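Listed here are the chains, written in short residue letters.
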Amino acid sequence: MKGVKGSSLLHELNGCTILETQYNLQTSFNSVSNHDKGLVKIHFQLLGSCAHEIAKTPRVIEQGYFNMFRMPKTETGLNYQGSICHSLEVLFHEKFLKTVVGNLNSRLTDFLKLKSNKEPISFWENNQPLDEKSCNLINEIKTCTLDGVLKKSFLETKVIELIELLFIKKPKCISLGVIPARPPQIEDTVIHKVHTYLHKNLNKNITIPQLAQFAGINTSKLKQDYKQVYGKTIFKHLTAMRMTEAHDLLKAKELTIAHISQTVGYKNPQHFTVAFKKFYGYLPREVV
């Protein structure tokens, strides 16, 4: 579709499916999904927003929120909005959820008995905010580097942990409470690899074009996505990583300041000292 670029990643597991989608949009984008077996799904909105059509009323899930739906056997409309729209959905067979949760959540048991004919039925009246624990599990799912049977086993384990977190360890409806200005961090798989690469090469002078080539994306998208994920520009974040590493090395008292400056990418120790003081407010030799 014109003005829409995107990708999707599907993992078929035993009893459930993980679907990750990411769209770069110039305008809103409508999509249709068909669940011929009337599945249950949890929709996590990581970036942008997505609207489910429920009883002819859009149920908008904003960035940093999630909800669970009993899906009808007919087609369901979705509307994505935001320059970058990124979501992760976990679709379950009813038997799988019952096996994991059992009778430990009566509300979920009652929900699974409902039959959705034409419109999705939401589990929570209000969308729920992602917290740190659920974000950590989603990040582990998104950044898994295993292959084959090991990957499948790992993802199944993480999905079960996610279900237990939402329905067993927190059996009552989660309170919306006060939502932080920025939801807990969700790592983008490609950007996570860029971050790891930078952290392993703090001593090197790496350019944006080199990073873009490594990531397989253009420089503009790299800079935009990196800031979206980590909240800082690449070089500000790189400086923070270098200063944190330098501080740890200085505290260990095993290397000279000159050696440490080289280790974190500063050929001139004086330049390193200036950068360190600007970042921390005190000199490298004052670290105790």
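Peer 1: Explain the nonpolar core here, please?
Peer 2: In a soluble, globular protein the nonpolar side chains are often hidden away together inside. Membership of the largest hydrophobic core comes to 34 residues, with the highest contact counts inside it found for Phe44, Met68, Phe92, Val159, Ile163 and Phe167. Listed by contribution, the elements that provide at least two residues to this core are strand 2 (16-25), strand 4 (40-54), strand 6 (65-70), strand 7 (75-92), helix 1 (94-101), helix 2 (106-113), helix 3 (132-142) and helix 4 (148-167). Broken down by element, this core gets its largest block of residues, seven residues, from helix 4. Setting aside residues up to four positions removed in sequence, Met68 forms contacts with Val40, Lys41, Ile42, Leu108, Phe111, Ile121, Ser122, Phe123, Trp124 and Phe167. Grouped together as the second largest cluster of nonpolar side chains are 16 residues, Val194, Ala212, Val229 and Met241 included.

Peer 1: Whenever I open this one, the pattern of salt bridges confuses me. Can you help?
Peer 2: Proximity of charged atoms lets side chains of opposite charge pair with each other. Under the defined criterion, the tally for this structure stands at seven salt bridges. Put simply, Lys98 and Glu94 hold a salt bridge, and the shortest N to O gap is 2.9 Å. Separated by four residues within a single helix, Lys98 and Glu94 lie in helix 1, roughly one turn from each other. Taking the shortest distance from any N to any O, the salt bridge between Asp225 and Lys221 comes out at 2.7 Å. Here Asp225 and its partner Lys221 are both found in helix 7 (residues 219-230), four residues apart, which amounts to about one turn of the helix. According to the relative accessible area criterion, Asp225 is buried, its value standing at 6%. Overlapping salt bridges, with partners in common, bring together Arg70, Glu94 and Lys98 in one network.

Calculation criteria
Residues numbered from 1 in each chain as written. Predicted model: local features only at pLDDT ≥ 70, side-chain atom pairs only at ≥ 80, totals over all residues. Heavy atoms only, no water. Core = buried A, V, L, I, M, F, W, Y, C linked by side-chain atoms within 4.5 Å. Buried < 20%, exposed > 50% of the residue type's maximum accessible area, 1.4 Å probe, protein only. Helix = DSSP H or I, 4+ residues; strand = E, 2+ residues; numbered from the N terminus. Contact = heavy atoms within 4.5 Å. Salt bridge = Lys/Arg side-chain N within 4 Å of Asp/Glu carboxyl O.

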